[in-house]
Amino acid sequence: MLMTDSHCHFDFAAFESDRAQHWQRAQAVGVHRLVIPGIEEAQWPALPRLCADHQGLYYALGLHPWWLAKASTDWQATLGEALSTADERCVAVGEFGLDRSLTLAPEVQEAALIAQLKLAMEYQLPVILHSQGTHDRMLKWLRRYPVKGGVVHGFSGSRQQAETFWKLGLHIGVGGTITYPRANKTRQAIAALPVDALVLETDAPDMPLCGFQGQPNHPAQLPRVLTALAELRQQDEDVLATQLEKNVNQLFGWSFVKGERQ
Ligand SMILES: [Zn+2]
């Protein structure tokens, strides 16, 4: 059974000392691909090198709203340049988006969101979106800038919001949230969505699963997310895993990548 971690911050310091071991552990439990989202300028040049060192690692380039305040004034040009010279392991623009918990003005966040939606359209790449308490505003901008698909990562929200994202061509990233019984609204949304809308993620080292609070999350936890999803949807785990691989292939256009196993 093969799985893809569609969102893992594998370049973070938490993995620095034992990254190769973590990747081996993840591969041993069936995680054969992992996507590292971009978060800030300083990290963009390092991602292609990191992914070239490990089979199965892919990356995205983008500016996360939490890092927006300290970005340089010409980050958009730098990002455009990085995208124009990116290798075939670059599978998306992201992670970018909106976050209600930030003190940064909504207009500033929205300007960065629009700039990156435009880049995704220019480079014909899907997007990896961060949306915390901002789904309705996010939907408004997605209607105005119709990107070539993408994913709302670490989705937490209502069934109606999830369905609206899916109608606009955005997949829904399913992570540790569904392992918490108190996340009732999100669990119901994920249970009710068409199965082709879903992709798996850990968001490691963040988003620890229920029962693992206080410990750093890691990509070898992905099968536990799959098990929780299969229970929630009352589906056979193997059948579900096969479907989720098809979904993530479609999301990141992997059927078109030379030499990629299907
Ligand atoms: Zn993230």
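Residues numbered from 1 in each chain as written. Predicted model: local features only at pLDDT ≥ 70, side-chain atom pairs only at ≥ 80, totals over all residues. Heavy atoms only, no water.

## Observations concerning the overall build of the protein
For clarity, the threshold we go by: Per the convention used, a helix needs a DSSP run of H or I reaching at least four residues, while a strand needs a run of E reaching at least two, with both numbered from the N terminus. Only heavy atoms enter the contact rule, under which two residues are in contact if any of them lie within 4.5 Å. Every accessible area reported is derived by Shrake-Rupley at a probe size of 1.4 Å, with residue values counting cover from the shown protein chains alone. Here the positive residues are Lys and Arg and the negative ones are Asp and Glu; neither His nor the chain ends is included. Charge coordinates come from a single atom per side chain, which is NZ of Lys, CZ of Arg, CG of Asp or CD of Glu.
Counting its regular elements, the protein contains nine helices and eight strands. If you line up the protein on its principal axes, its C-alpha atoms span 50 × 40 × 40 Å. Sequence-distant contacts, at least 24 apart, represent 70% of the contacts inside the protein between residues at least 6 apart. For the protein, the accessible surface area stands at approximately 11700 Å², while carbon and sulfur atoms represent 50% of it. Where the 23 positive side-chain charges of the protein centre and where its 28 negative ones centre are 6 Å apart.

## Some words on the coordination of the zinc ion
Condition: Donor criterion used throughout: N, O or S atom within 2.8 Å of the metal, extended to 3.2 Å for Na, K and Ca. Water excluded; incomplete-looking sites may result. In this scheme, a residue with accessible area under 20% of its type's maximum is buried, one over 50% is exposed, and one in between is partly exposed, where area comes from a 1.4 Å probe on protein chains only.
Ligation of the zinc ion by protein atoms is provided by His7 (NE2), His9 (NE2) and Glu95 (OE), these donors lying 2.1 to 2.2 Å from the ion. Mapped onto the polypeptide sequence, the residues donating to the zinc ion form the spacing pattern H-x1-H-x85-E. Like histidine 7, the residue histidine 9 is buried in the burial classification.

## Remarks on the pairing of strand E4 (residues 90–99)
Test applied: Pairs of strands are assigned from DSSP output, requiring at least two bridges between the strands.
Among the 10 residues of E4, 10 are classified as buried, and the element is accordingly described as predominantly covered. Note that strand E3 (residues 57–61) and E4 share three bridges and pair parallel. Looking at the pairing, leucine 61 lines up with valine 93 of E4. Two strands pair when backbone bridges link them, and E4 and strand E5 (residues 127–132) are joined in this way by six bridges, in the parallel orientation. Directly across from glycine 97, in E5, lies its bridge partner histidine 130.

## Considering helix H6 (residues 159–167)
What counts here: Directions are taken from the helix axis to each C-beta atom, and the arc is the one they span.
The complete set of buried residues in H6 reads Gln161, Ala162, Thr164 and Phe165. Buried residues in H6, looked at end-on, bunch into an arc of 160°, giving them a common side. Exposed side of H6, more than 90 degrees from the buried face: Gln160 and Lys167 are the residues found there. Taken together, the buried residues of H6 touch helix H5 (135–144), strand E6 (150–152) and strand E7 (170–174). Downstream of H6 by one or two residues, glycine 169 has phi in the positive range, about 90°.

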